[in-house]
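Next come the chains, spelled out residue by residue.
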Amino acid sequence: MIMATKTLTVLGDEKAGKKTLIGSLIYKCGLELTQLEALEREGVSQLNEIVPFYEKSSRVLSFYAPSGRIVVEIIESKEPDLAFWVLDAAASMNWRSSAEELRSLLSSGTLQPRERLLILVNKIDGRDLVGWSEHTFTEVVRTFSAANLKTDRAYILPISSLKGDNILGPLEGYSWMNDQSASHPSSSVHVSERSLMDLLR
Ligand SMILES: Nc1nc2c(ncn2[C@@H]2O[C@H](COP(=O)(O)OP(=O)(O)OP(=O)(O)O)[C@@H](O)[C@H]2O)c(=O)[nH]1
């Protein structure tokens, strides 16, 4: 089978869960048996320990997209095919500065994703996240739309890197998500009704 490679750059807020997300994608869709054995042998038991372990042993960070014909390779690049911007759903005090930082990276040309930019509102499972709801998500979308990212390639979606919510399959029990696109017709970010992996097809 012919494999295509896409490059992915993962950026975002401090402690927002970037390593956990990459670890989760590798663990779910990127491990061969020998690599799984190597992780077990080295006592790597947390998702966010996978990236440091791979980096220490100079392994390529990669996973398969759902079609099985695309390998996604995680690298630091100014012009990756795909980019993730990860923020913490519970850290509402940081949302505005997070959106500003992303706007600045895009407008200065420091980040120029060729295909898609996914804005990932992470930790929606969190214990710190009392009352995660339609209202909370609407506020995140509003904040990133107000930042005027000036790109038509940005998609925003809630996820849990730790629990896997909205990563491989769609979110259960969030029917209000479907209405979000309609309520932001002029939004510069598209609210995704599809899961993260579905957007990588
Ligand atoms: N509840 C919850 N916690 C998470 C989730 N993702 C990450 N965390 C926790 O958030 C903390 C930071 O996660 P990391 O993956 O190390 O974050 P990071 O963005 O790579 O951190 P820095 O590189 O230091 O900026 C850890 O304690 C994770 O267990 C999530 O989806 N839900």
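Structure: see above.
These remarks concern the structure in this document.

Conventions used here
Residues numbered from 1 in each chain as written. Predicted model: local features only at pLDDT ≥ 70, side-chain atom pairs only at ≥ 80, totals over all residues. Heavy atoms only, no water. Core = buried A, V, L, I, M, F, W, Y, C linked by side-chain atoms within 4.5 Å. Buried < 20%, exposed > 50% of the residue type's maximum accessible area, 1.4 Å probe, protein only. Helix = DSSP H or I, 4+ residues; strand = E, 2+ residues; numbered from the N terminus. Domains from an automatic or database assignment. Contact = heavy atoms within 4.5 Å. Salt bridge = Lys/Arg side-chain N within 4 Å of Asp/Glu carboxyl O. Pairing = 2+ DSSP bridges. Axes fitted to C-alpha atoms, helices over the stretch in contact; angles between N-to-C directions.

Let us look at the nonpolar core. Ranked by internal contacts, the top residues of the largest apolar core, which has 35 residues, are L21, F63, F84, L118, L196 and L200. Mapped onto this core, the elements with two or more residues apiece are β1 (4-12), α1 (18-29), α2 (33-41), α3 (50-56), β3 (70-74), β4 (82-88), β5 (116-122) and β6 (154-158). Of the domains in this structure, domain 1 (17-74) and domain 2 (82-200) are the two that each give at least three residues to this core. Contacts of F63, omitting those with residues within four sequence positions, involve L8, L25, I26, C29, G30, I70, V71, V72, I74, M197 and L200. Judged by nonpolar contacts, the second largest core, of 25 residues, contains W95, A99, L117 and V189.

Below, the discussion takes up the pattern of salt bridges. The full count for this structure, using the stated rule, is nine salt bridges. With a shortest N-O distance of 3.0 Å, K6 and E115 are connected by a salt bridge. Of the two residues, K6 sits in strand β1 while E115 sits in the loop between α4 (95-107) and β5, which places them 109 residues apart along the sequence. For the salt bridge of R114 with E79, the shortest nitrogen-to-oxygen distance reads 3.8 Å. On the criterion of sequence distance, the pair formed by R114 in the loop between α4 and β5 and E79 in the loop between β3 and β4 is long-range, its members being 35 residues apart. Exposure remark for R114: the relative accessible area of 48% places this residue in the partly exposed category.

Attention now moves to the sheet that holds β3. Taken in spatial order, the seven strands line up as β2-β3-β1-β4-β5-β6-β7 in an open sheet, and their pairing is mixed. Because the sheet does not close on itself, it has two edges, and the strands there are β2 (62-64) and β7 (190-191). In this sheet, β3 lies alongside β1 in parallel orientation, the contact comprising five bridges. Counterpart to K6 in the pairing with β3 is V72. Against the sheet, α1 makes contact with β1, β2, β3, β4 and β5, and its axis sits at roughly 50° relative to β2, the strand it touches most. In the packing of α4 onto the sheet, contacts are made with β1, β4 and β5, and the angle to β4 comes to roughly 160°.

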